Amino acid sequence: MKKIIKMVLIFLCFSGKVMSQEKTRQTFSVTVDVSNIKPVPEILILNYFNMENGKMNSGQDSVGVRDGKGTFTGKISEPSFATLQTKFFEFGGTFILSANNLYIKSGSNIQMLTVSGSPFQKDFEVLQAKKLAIQEQIIKIGDQYNRAMEKKDSIAAKPYADKIFELNRQIAVSVYKNYAKSHAKTSALSVFAMQQYAGFGLPGVDSIYNSLAPAFKKLPTAIAIKAQLDEVARVTIGKTAPELSQPDTSGKVVSLKSFRGKYVLLDFWASWCHPCREESPYLIKAYEKFKANKFEILSVSMDSEKAKGAWLKAISDDKVGRWTHLADLKGFDNVAGKLYGIQSIPQNFLINPDGKIVAVNLRGDDLEKKLSEIFRKATPNQ
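Criteria and cut-off values
- Residues numbered from 1 in each chain as written.
- Predicted model: local features only at pLDDT ≥ 70, side-chain atom pairs only at ≥ 80, totals over all residues.
- Heavy atoms only, no water.
- Salt bridge = Lys/Arg side-chain N within 4 Å of Asp/Glu carboxyl O.
- Helix = DSSP H or I, 4+ residues; strand = E, 2+ residues; numbered from the N terminus.
- Disulfide = S-S within 2.5 Å.
- Buried < 20%, exposed > 50% of the residue type's maximum accessible area, 1.4 Å probe, protein only.
- Expected span 1.5 Å × (residues − 1).
- Contact = heavy atoms within 4.5 Å.

A. Examining the pattern of salt bridges more closely. For the coordinates displayed, the defined rule picks out 12 salt bridges. The partner of Glu296 in a salt bridge is Lys262, and the shortest N-O contact between them spans 3.6 Å. Here the residue Glu296 occupies a position in strand E12 (residues 295-301), and Lys262 occupies one in the loop between strand E10 (253-255) and strand E11 (263-269), the gap between them amounting to 34 residues. Residue Lys338 is joined to Asp333 by a salt bridge in which the shortest nitrogen-to-oxygen separation is 3.6 Å.

Next comes the structure, spelled out in structure tokens:
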């Protein structure tokens with residue numbers, strides 16, 4: 001269930017190379033009053049996430065508390081998601097860190113924050129409230145899903161998994177996408193919202209980017225997303241699928257071109273990716289139905305070397321060893337993943353016998369429907 005909840009807040013590590021943002025960094029000051037917390041904590045810990053040179057970095061600082069207060073100063077390039085803690089590994093309060101003089105007063109615990117001096121905090125709190133309202137539904141349904149899975153009843157669990165997927169989609173669209181589009185000209189927080197929406201792997205990020213005010217397009221996250229969009233443009237429908245070669249589960253190097261003459265679903269996944277593995281029954285169903293029509297699946301894992309055992313176990317547990325699985329075990333530094341601009345999973349590409357991409361991100365029954373359409377056109381008299 002924790003993996004499902006983590007989908008709600010996603011920070012991407014973009015691989016696009018951009019110019020240094022050192023010149024755009026501005027000073028922030030955050031004074032935190034924790035005198036309402038009893039006993040008054042001895043330290044404060046600030047964690048924040050900022051995009052630098054095309055990669056998402058996490059910053060952390062700690063200060064001692066004197067007379068119930070602590071002050072952080074530093075530099076930041078754009079409004080960024082941040083948390084405050086009074087001890088390590090604590091669930092902290094959240095806010096948007098920006099190049100302003102912020103004053104934060106806690107309630108009786110650090111999760112209760114009142115933020116002054118920020119032009120973004122009010123909108124951020126609205127976004128958080130909308131997200132958490134949907135997240136509460138996910139938690140309830142997730143409990144039902146987990147109970148079904150404990151009984152190994154995948155059929156009973158499927159409606160819950162589908163509902164969780166739809167609720168996550170609702171968060172992506174109704175919370176983040178809608179805010180990004182409606183505030184694209186007026187608030188730099190729209191870039192944060194665009195980033196969050198991009199993490200769900202849904203379409204329309206390019207239209208959000210194009211609608212941004214020129215000044216917002218110069219922010220590091222917007223620059224990184226544009227670089228990623230440019231990479232993704234190379235693997236859109238109608239483009240030739242980039243060639244790749246990687247070891248299979250036995251260590252034999254297999255190439256994409258060896259499947260030329262067949263329809264191939266190039267599927268990017270990982271053993272730890274719950275939504276990826278929820279797709280396995282749909283993949284199995286489509287594979288068994290259309291393998292006689294020269295349809296193949298080529299799965300590429302984003303697992304790391306230390307997760308090799310988990311990768312092989314997932315293949316066995318999900319009964320997907322009937323098709324070819326590849327991995328260079330470099331995690332999100334997977335060479336094939338970079339070729340295809342993979343920043344979040346699951347993602348897939350349907351490639352025709354000539355090596356052209358004809359569909360992307362077919363989820364659930366959409367794969368079977370697309371293949372039925374393709375092969376029905378190929379054999380119209382059937």
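After presenting the structure, the write-up continues.
B. Region of interest: the state of the cysteines. Per the stated rule, a full pass over the model turns up one disulfide. One disulfide bridge connects Cys273 with Cys276, the sulfur atoms lying 2.2 Å from each other. For the disulfide bridge between Cys273 and Cys276, the dihedral angle about the S-S bond is near 80°, and by the sign convention the bridge is right-handed. In this structure Cys273 comes out as buried when scored by relative accessible area, which is 4%.

C. Layout of helix H7 (residues 220-232). With 13 residues, H7 extends 18 Å from end C-alpha to end C-alpha; this agrees with the ideal 18 Å at 1.5 Å per step. Looking only at H7, the buried set comprises Pro220, Thr221, Ala222, Ala224, Ile225, Ala227, Gln228 and Glu231. Each element contacted by the buried residues of H7 is listed here: strand E2 (43-52), helix H4 (189-198), helix H5 (205-211), helix H6 (214-217) and helix H11 (335-339).

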